[in-house]
Each structure stands twice: as structure tokens, then as C-alpha cells.
Amino acid sequence: MKASPREPPPLTASRAALEQRSRGTFPRQRPSGPAPGRGREGRGWVGGALSCPGTFPPPPAFPAGAVPVAMAAGPWCWGAAALLLLLAPLLALLLGGARRRYAAAGARASLRGTAAAAARAGGVRALLVTAHPDDEAMFFAPTVLGLGRAGARPAVLCCSAGNYYNQGEIRKKELEQSCFLLGIPASDVTVIDHRDLPDNPAVEWDTQLLAAFVLEHIEANNINLVITFDAGGVSGHANHISLYTTLRSLHSEGKLPEGCCVLVLESVNLFRKYISILDVPLSCLLPRDALFILTEEETEQARRAMRCHRSQLLWFRRVYMLFSRYMVINSLRLL
């Protein structure tokens, strides 16, 4: 009697797992409930089986009648982009018009209150008090050119030679070249090179010593308008702030000649500082005692003056020349 082949015993759970492991497939227990956002199948499951390496699960199906958010927002995004493109020329036209209007009005019309009265009385005899060579172009070019446009060319009193990197003699020559391009002759440029007034961002200058130099220059040249930094110093430099402290002290103690006014350059936040002509509308709306805005030609003149300071033209100063509002706009307040 021929023996019938023996049927293999039924697979148990453990034996089935061993056979699947020998074939290179590994069982994965399916989640007990549907995964969120995946319908009935969990992450990594395709057709009820574990997805193989290199394959990806199918994209989730949207309910009937639903529209993906990205598809729905698409037309609105394109519409907003088109609107911005249409408004860009109008914004440029408005900004250009504001620049031309203030430039045509002249510096006298930009001065208000006491400063305007001084200008009407006997002409502006202005003195720009700076801390270092390059301040006149980097921060005050709109004021210098605006006053010069109105026939009130300022003199410059620079209170250090900028000798922080032992380049004092080079920077003095660069200052004269820069001032020449801004319309100020070398005879109207004075540099104080005193050992107790060092170019150093960590040093606050002796205000009594500085006050003696400034007051002597004001009285000797019959100055009736002094221009310098405000309490923020625009960049926060300690030497800039020392100038403000000194002029504020002279003004509050009544030591300045009668009728002599002090205008301080307004420090603005970092965002406004680097939006260039986009700050024109805000500068026009905010309160101030003097406002100078350069035309395109004058802005290029200010940049040429800044390029005279070749020893200082590091990459970040080149970026500053392109984007800083101080190359285009000066808003000032009276003490």
C-alpha cells in the first residue's frame, strides 16, 4: 500500500513569521484604528501591506467637493503680485516727486521755528561738528548739500583725526577731498588732533575739553547754527554721543552766543535706517525742525564724497552707501 504524502502541518503564527523573515519580508502590525488624515490605511501601508523600501504611500484623497488650500489661494496670490507690480511705478513716482519737491523748496523752507528765524535774520552761518573724518559724508551729506543749495554753506569742525588704526594723516587728506566734493573748501575744514580726544568707540570724550574747542570755534567764526549728532549718535558710537553731550551742556548753560541754534541729527531704528528713499513719506509726516532730502544727482554726489574715504571703504560701508537713509535724508531737531 502506497503511503500518501504527508500534508504539512498548518502554519502557526510563529512559524509564519519565521518563513516571512527567511523571504526578507517582515510583518508589521497594522494600527488598530485609521491614522489621522490617511483614511483607512496607516502611514506606510499600501493596499493593506507594508510598503517596500523606495516606494511612497499614495497622496491623501480629498473629500468630495473639497479644494486644496494651495490651489484655492493660487489666483489670489497671482492677483496680489500683479497689484504690487502695478503699484511699484506709482510708488516710485510719488517718492521721486516728494524728493524733487523738498529739493526745490530749498534748505530755508525746510527749517522751522528758531532756525528759520535765524536764517531770515542774517543768513545761516553754519558749523557742522563731527567726530571723525567720513562723518560729514556718511551721515550729514543731505544737510551739507541742502544748506549749500540755499547759499548757506557750512564749515566743518572734525574733533579727531580718525587715528584708531594709525591712519590719521591719510584720513585728514580724505576729509579735505570729501568736503571739496560737497562744496566746502579746505579753508573751512578744521581738524582737532588732540591726544585726549582719541578715535575710539569705547571712549567718552572729556566734555569740558571738547566744549572749550567748540565754543572757541563758534565765537571766532560768528556761527549762528551748529549741527551735530543727537543722544543716539546715529550708530551709538561713544565719540558721537560725546559731541551731543557737549553741545547740550553749552546750550543749557547759556554759554552759546545769543541767537546761536543747535540742530541734532535724528537717530532712527534699524529698519528705517536701511530703507533708503522708502523712508521719505514717514520722514515727511513725523515732526521735526529741519528736513533735507537729496535729489538723485545730489545723492550720487554724496556717494562720490563718501568714496573719497578709501581707507574706510570696507564691504559693509559699501552696502551702507546703497541702502542707508542718511545718504538721502536728514531729519533734525532743535535743542
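Summary of the structure given here. Predicted model, so just to flag it, every value in this text is computed and none were measured.

**Section: the side chain of Ser-242**
And step 1. Along the polypeptide, Ser-242 turns up in helix H8 (residues 238-252).
And step 2. A polar contact is formed between the side chain of Ser-242 and the backbone nitrogen of Trp-205, at a distance of 3.0 Å.
And step 3. The contact partners of Ser-242, leaving out residues within four places of it in the chain, are Glu-204, Trp-205, Thr-207 and Leu-210.

**Overview of the sheet that holds strand S3 (residues 126-130)**
And step 1. Here 7 strands make up an open sheet; going across it, the order is S5-S4-S3-S6-S7-S9-S8 and the pairing mixed. Bordering the open sheet on either side are strand S5 (189-191) and strand S8 (290-293), each of which pairs with just one other strand. Within the sheet, the average angular offset between the axes of one strand and its neighbour, ignoring direction, is 20°.
And step 2. Against the sheet, helix H7 (residues 207-220) contacts S3, strand S4 (155-158), S5 and strand S6 (225-229), and its axis sits at roughly 160° relative to S3.

**Examining the pairing of S3**
And step 1. In terms of burial, S3 is largely enclosed, as 5 of its 5 residues are buried.
And step 2. Of the two faces of S3, the one lined by Ala-126, Leu-128 and Thr-130 and the one lined by Leu-127 and Val-129 are each fully buried.
And step 3. Bridge analysis of S3 against S6 gives 3 bridges, and the strand direction is parallel. Its bridge partner lying in S6, Leu-127 is registered against Val-226.
And step 4. Relative to S4, S3 is paired through 4 bridges, and the arrangement is parallel. Paired with Leu-128 across the strands is Val-156, a residue of S4.

Definitions and limits used
Residues numbered from 1 in each chain as written. Predicted model: local features only at pLDDT ≥ 70, side-chain atom pairs only at ≥ 80, totals over all residues. Heavy atoms only, no water. Helix = DSSP H or I, 4+ residues; strand = E, 2+ residues; numbered from the N terminus. Polar contact = N/O pair within 3.5 Å; in protein donor to acceptor, adjacent residues only side chain to side chain. Contact = heavy atoms within 4.5 Å. Pairing = 2+ DSSP bridges. Axes fitted to C-alpha atoms, helices over the stretch in contact; angles between N-to-C directions. Buried < 20%, exposed > 50% of the residue type's maximum accessible area, 1.4 Å probe, protein only.

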